[in-house]
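# Topology and contacts: notes
One-letter residues, chain by chain:
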Amino acid sequence: MDISVIVPLYNEAESLPELAEWIERVMDQNGFSYEVLFINDGSTDGSWQVIKDLHQRNPRLKGVAFRRNYGKSPALNTGFARAQGNVIITMDADLQDSPDEIPELYRMITQDGYDLVSGWKKKRYDPLSKTIPTKLFNATARRVSGIHNLHDFNCGLKAYRRDVVKHIEVYGDMHRYVPYLAKNAGFTRIGEKEVKHRARKYGTTKFGLDRFVNGYLDLLTLWFQAKFGVKPMHFFGLLGSLMFLLGFIAVIIVGGLKLYNMYHGNSYRLVTDSPYFYLSLTSMLLGTQLFLAGFLGELIIRHSNDRNHYEIGEEITGDTPAIEGRTTEPIPAAVNVEKATIDAQ
């Protein structure tokens, strides 16, 4: 199958028939074999019945219905798990993403060799209260993720090589950072295509300003996991050691000043009367706790399967065909592993 189109939706009953017809027309004009997966995220407006009616008309239009509203990330993850196409296209159901972009997105994946292509809605039909925070958000995401060629991380219109969606997990509100998740999984050939943004035709937006606050928190989570996810001691241990060392030096200074004054007959006060003594003890205690947190994190990671899971692009053993997949076993010395050349961002 050429293409799987994944459409997460919540209360978009009015737009679904038009969107389905548009996708079908584009697919038929280009001769693609395809499926469309509508992921109904607990809609209450009859969207599921519309999806069932669409399936009766065209079996290639499929659907999954959640019992309640979970969010866009679980909807995408569910679609990724079920997608069978060689190229996966995601788009929103509100008709703001144009299915006419699908052929070029497909070409960029299959011919240009990208792992992921993200849409960029350069010209948007949104109020300034939404566009200005979006620009600041995307600038921060580029800086933290290191993916400097993307201008619109949150664009719902994206294309993926099949391997990408089968090796990442989208959870919480991480749908904004799928390119970052892909990069952390080793898929670094990430491109961008300028796409048309259309004004919403039916209903109202399902996202508020709180998504920007949550977005920054999620970005920090991903950064920390990527940098220290399998080596927590490098963060907590270093920070804890520094705090303990500073506190210990401060205690020595406080005690040394008292002994100096005693030796020279100067007036002095008890060490416990100095606020610096208690600040030093607090620093030492916090440093010890941070160090222990890092140590416990290392113990947990050591007994977790994820520590020794490494993605292998290609493996040549000399007596079996090249295979792809995941392994946790050490690679024998006789095995030659060829690492595919990638375009680092």
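Residues numbered from 1 in each chain as written. Predicted model: local features only at pLDDT ≥ 70, side-chain atom pairs only at ≥ 80, totals over all residues. Heavy atoms only, no water.

### Observations concerning the overall build of the chain
Broken down by element type, the chain carries 10 helices and 9 strands. The buried share among the 345 residues of the chain stands at 40%. For the chain, contacts bridging at least 24 residues in sequence account for 76% of all contacts bridging at least 6. Approximately 19,100 Å² of the chain is accessible, and the part contributed by carbon and sulfur atoms is 57%. (Helix = DSSP H or I, 4+ residues; strand = E, 2+ residues; numbered from the N terminus. Buried < 20%, exposed > 50% of the residue type's maximum accessible area, 1.4 Å probe, protein only. Contact = heavy atoms within 4.5 Å. Areas by Shrake-Rupley, 256 points an atom, 1.4 Å probe, with all protein chains shown as cover.)

### Description of the side chain of His175
Here His175 lies in the loop between helix 6 (162-166) and helix 7 (178-184). You can call His175 buried: its relative accessible area is 7%. Ignoring anything within four residues of it in the chain, the contact list for His175 reads Lys72, Ser73, Leu76, Asn154 and Val170.

### Here we look at the packing of helix 1 (residues 16-30) against helix 2 (residues 47-57)
Remark: helix 1 packs on helix 2, axes separated minimally by 10 Å, with the N-to-C direction vectors making an angle of 30 degrees. At the point where helix 1 passes helix 2, the crossing takes the right-handed sense. Residues Leu16, Pro17, Ala20 and Glu24 of helix 1 pack against Ser47, Val50, Ile51, Leu54 and Arg57 of helix 2. Its residues placed into classes, the contact of helix 1 with helix 2 shows 6 nonpolar, 1 polar and 2 charged. (Axes fitted to C-alpha atoms, helices over the stretch in contact; angles between N-to-C directions. Left-handed = near helix turned anticlockwise from the far one by under 90°. Nonpolar A, V, L, I, M, F, W, Y, C, P; charged D, E, K, R; others polar.)

### Observations regarding the pairing of strand 1 (residues 3-9)
In terms of residue burial, strand 1 counts as a mostly covered element, since 7 of its 7 residues are buried. Taking every second residue as pointing to the same face, both faces of strand 1 are buried, with Ile3, Val5, Val7 and Leu9 on one and Ser4, Ile6 and Pro8 on the other. Inspection of the sheet shows strand 1 paired to strand 2 (residues 34-40) by 7 bridges, in the parallel sense. Bridging across to strand 2, Val7 finds its partner in Phe38. The parallel pair strand 1 and strand 2, bridged by helix 1, forms a crossover whose chirality is right-handed. Here strand 1 runs beside strand 4 (residues 87-90); their pairing, made up of 4 bridges, is parallel. Pairing of Ile6 across the sheet is with Thr90, part of strand 4. (Pairing = 2+ DSSP bridges. Right-handed = clockwise from strand over helix to strand, strands pointing away.)

### Some thoughts on the pairing of strand 4
Side chains Val87 and Ile89 project from strand 4 onto one buried face, and the interleaved Ile88 and Thr90 project onto a second face that is buried too. Where strand 4 and strand 6 (residues 158-161) come together, 4 bridges link them in antiparallel fashion. Looking across to strand 6, one finds that Val87 is bridged to Arg161.

### Thoughts on the sheet that holds strand 3 (residues 61-65)
Here 7 strands make up an open sheet; going across it, the order is 3-2-1-4-6-5-7 and the pairing mixed. Looking at strand neighbours, the two that pair on one side only are strand 3 and strand 7 (190-194), the edges of this open sheet. For this sheet, the mean inter-axis angle between neighbouring strands, taken without regard to orientation, is 20 degrees. Sheet strands touched by helix 4 (residues 102-110): strand 1, strand 4, strand 5 (116-120), strand 6 and strand 7. Its angle to strand 4, the strand with the most contacts, is close to 140 degrees.

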